[in-house]
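Architecture at a glance
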Amino acid sequence: MENKRCIFHIPNHIDLTSKSGSSVRPQKMIQAFREIGYDVDCVMGYGSERKAAIRTIKQNIRNGVQYDFMYSESSTMPTLLTEKNHLPLYPTLDFGFMKFCKKHGIKIGLFYRDIQWKFDVYTKAVSKQKQWISLPMYRYDLNCYTKLLDKFYLPSLTLKRYLSEYQALLERADVLPPGCNEVNLSSNPSVQTDFSLPLRIFYVGGISGIYDLEMFLRAVSSIPQVEVVLCCREAEWKQESHRYQTYMTSRVKVVHASGDQLTQYYEWADICCVFAGKGEYMSIAMPIKLFEYIGYEKPMIGTAGTASGEFITEHNIGWCVNYDENDLKRCIDGILNDPTQIEAKKEKIRQIKSHHKWTSRAQKVAYDLTNI
């Protein structure tokens, strides 16, 4: 019996070495579809590569090959501007392919990565001239999605409030946050430190732009019973370290690790940090690191009033505090005074973990698109 088949589509080149969410997530979803029993035909890369893959899949369909569904992920750029030179050299390629699939009865779901273009974080970073081109192109994408999609997946449903002008599309919206990996957990921390403090906190991720660790580091640097390992890209640390130098005590260690190198720090840590900045855009973000923390069964401190904070609170897998230094200190003091909370939160993570694996995300997509 032949395997089930699906199409995975993303309208840009993926850097397989990058650890950013926009590069990691597509790879994880492709792998997850394969793990749940699908042969996955991929349409990805620059325009010429996508064109060749589309030609092959179209011929397969004409020859009677059955595809259960097509799952797509948007680029952080408008679909028409994803070439190296950002020129719209393939104006009909991707949406034309979606139309072809729709015409042949293949259901289409798309994960809409983010909407930074709706926020100050985008308009402050991008010149007015580029905005005149990109903003209409982002809207063009959404208008095409309205005509073509059967399911419109979002990282969190809080994004819906920023897309109210696309009501017909939002009627097909559902949540599809990141997933977590299957991790072999060890009980023997391999990170060696000069001392053993009561509370060890690990943060991995960005430290610039929307990610701001100043308040977190200011708070923990004043609590002598806490040790922190902060993991970020080396180039980013060189660029941003001047902002953080005031808080760099002997209890704060900066590392530049990725992939399997992170395991030692997760094994070392008692809890993890998602308390990394505020602002309207941060309120809707659902970072991959939250689910990586779940994979390693690490309770986390998050920010109240954010999508990630609501998730932490809903599942009781950590602590959520206002974006305020004194509130954060009180939270950490509470953990130090009653460390049994940590194991209780870990048990909650163990209870939900299986529902948040990448394979669970793939199974949801497969179920949704084969039962419409």
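**So, the pairing of strand S11 (residues 300–303)**
Covered by surrounding structure in S11 are Met300 and Gly302 together with Ile301 and Thr303, the residues of both alternating faces. Bridge count between strand S10 (residues 271–273) and S11: two bridges; the pairing is parallel. Following the sheet pairing, cysteine 273 is matched in S11 by isoleucine 301. Regarding the hand of the β-α-β motif, the stretch spanning S10, helix H10 (residues 288–295) and S11 is right-handed. Both S11 and strand S12 (residues 318–321) contribute to a ladder of four bridges, which runs parallel. If you follow isoleucine 301 over to S12, its bridge partner there is tryptophan 319.

**A few points about the packing of aromatic side chains**
If you walk through the whole model with that rule in mind, you get 20 aromatic pairs. Ring centres of tryptophan 117 and tyrosine 138 lie 5.1 Å apart, and the angle between their planes is 5°; on these two criteria the pair is classed as stacked. Of this pair, tryptophan 117 sits in the loop between strand S4 (108–111) and helix H4 (120–123) while tyrosine 138 sits in helix H5 (residues 128–148); the two residues are 21 residues apart in sequence, bridging distant segments of the chain. Note on accessibility: tryptophan 117 and tyrosine 138 belong to one class, buried. The side chain of arginine 25 reaches across the aromatic face of phenylalanine 111, ending 3.4 Å from its centre.

**Section: the side chain of aspartate 150**
One can find aspartate 150 in the loop between H5 and strand S5 (151–154). Here aspartate 150 sits buried without a salt bridge, and the closest side chain of opposite charge, lysine 107, lies 4.1 Å off (N-O distance).

**A short note on the environment of phenylalanine 311**
Considering the arrangement of structural elements, one finds phenylalanine 311 in helix H11 (residues 307–315). C-alpha of phenylalanine 311 to C-alpha of methionine 137: the two residues are 174 residues apart in sequence and 32 Å apart in space.

**A short note on helix H2 (residues 47–62)**
Between its first and last C-alpha atoms H2 spans 22 Å; for 16 residues at 1.5 Å apiece the expected length is 22 Å, and the two agree. Inspection of H2 places Gly47, Arg50, Ala53, Ile54, Ile57, Asn60 and Ile61 among the buried residues, and these make up the whole buried set. Taken down its axis, H2 places every buried residue within 140° of arc, on the same side. Away from the buried face of H2 by more than 90 degrees, exposed residues Arg55 and Arg62 are located. Next to the buried residues of H2 lie strand S1 (4–9), strand S2 (38–43) and helix H3 (93–103).

**As for the pattern of salt bridges**
Across all of its chains, the model carries 22 salt bridges by this definition. The salt bridge involving lysine 357 is made with glutamate 182; its shortest N-O contact spans 2.6 Å. Taken together, the positions of lysine 357 in the loop between helix H13 (340–352) and helix H14 (358–370) and glutamate 182 in the loop between strand S6 (173–175) and strand S7 (199–204) put the pair 175 residues apart, joining distant regions of the chain. You can call lysine 357 partly exposed: its relative accessible area is 23%. What makes glutamate 182 exposed here is its relative accessible area of 57%. Arginine 233 is paired through a salt bridge with glutamate 236; the nearest N and O atoms lie 3.9 Å apart.

**Section: unusual backbone geometry**
Its identity as a non-glycine residue notwithstanding, histidine 86 has a phi of 60°, on the positive side. In this fold, histidine 86 is placed in the loop between strand S3 (70–73) and H3. One non-glycine residue, glutamate 297, lies in the positive phi region at around 60°. Take glutamate 297: it is sitting in the loop between H10 and S11. Note on glutamate 297: relative accessible area 14%, which makes it buried.

**Some details on helix H12 (residues 325–337)**
An α-helix turns once per 3.6 residues; consequently, residues spaced three or four apart project the same way. Compared with an ideal rise of 1.5 Å per residue, which puts 13 residues at 18 Å, H12 spans 18 Å between its outermost C-alpha atoms and is within 8% of the ideal. Taken together, the buried positions of H12 are occupied by Glu325, Asp327, Leu328, Cys331, Ile332, Ile335 and Leu336. Two or three places before asparagine 326, at the start of H12, stands the capping residue aspartate 324, its side-chain oxygen 3.0 Å from that residue's backbone nitrogen.

**Observations concerning the sheet that holds S2**
If you trace the six strands from one edge of the open sheet to the other, you get S2-S1-S3-S4-S5-S6, paired in parallel fashion. If you trace the sheet from one side to the other, it starts and ends with S2 and S6, each paired once. The sheet shows a mean angle of 25° between the axes of neighbouring strands, taken without regard to direction. As judged from the three bridges shared by S5 and S6, these two strands associate in the parallel manner. By the bridge assignment, leucine 154 is partnered in S6 with valine 175.

Cut-off values and rules
- Here the residue numbers are simple positions, counted from 1 along each chain's written sequence.
- Per-residue local features of the predicted model are confined to residues with pLDDT of at least 70, and side-chain atom pairs are confined, for both listing and counting, to 80 or more; whole-chain, interface and lining totals are unaffected and use all residues.
- Side-chain numbers here rest on the full set of heavy atoms in the structure, without hydrogens or water.
- Think of it in three bands: residues with accessible area under 20% of the maximum for their type are buried, residues over 50% are exposed, and the middle band is partly exposed, with areas taken using a 1.4 Å probe on protein chains only.
- Secondary structure is summarised from DSSP: a helix means a run of H or I of at least four residues, a strand means a run of E of at least two, and numbering begins at the N terminus for each.
- Criterion used throughout: strands pair if DSSP finds at least two bridges between them.
- The crossover handedness rule: strands pointing away from the viewer, path from first strand over the helix to second strand clockwise, crossover right-handed.
- By convention, a stacked pair of Phe, Tyr or Trp rings (six-membered ring in the case of Trp) has centres within 6.5 Å and planes under 30 degrees apart, an edge-to-face pair has planes over 60 apart, and any other such pair is tilted.
- For a lysine, the NZ atom is tested; for an arginine, the CZ atom; a charge sits over a ring if that atom is within 6 Å of the ring centre and within 35 degrees of the ring normal.
- Charge assignment in this entry is limited to Lys and Arg as positive and Asp and Glu as negative, and neither His nor the chain termini are counted.
- Only one rule defines a salt bridge in this text: a Lys or Arg side-chain nitrogen within 4 Å of an Asp or Glu carboxyl oxygen.
- What a helix should span is 1.5 Å times the count of its residues minus one.
- The arc under discussion is defined with respect to the helix axis, by the directions toward the C-beta atoms.
- A contact between two residues is defined here by any heavy atoms of the two lying within 4.5 Å.
- Under this definition, polar contacts are N or O atom pairs within 3.5 Å; protein pairs additionally need one hydrogen-donor-capable and one acceptor-capable atom, and for neighbouring residues in sequence, both atoms have to be side-chain atoms.
- For helices, the axis comes from a line fit to the C-alpha atoms of the stretch in contact; other axes are also lines fit to C-alpha atoms, and the angle between any two N-to-C directions lies between 0 and 180 degrees.

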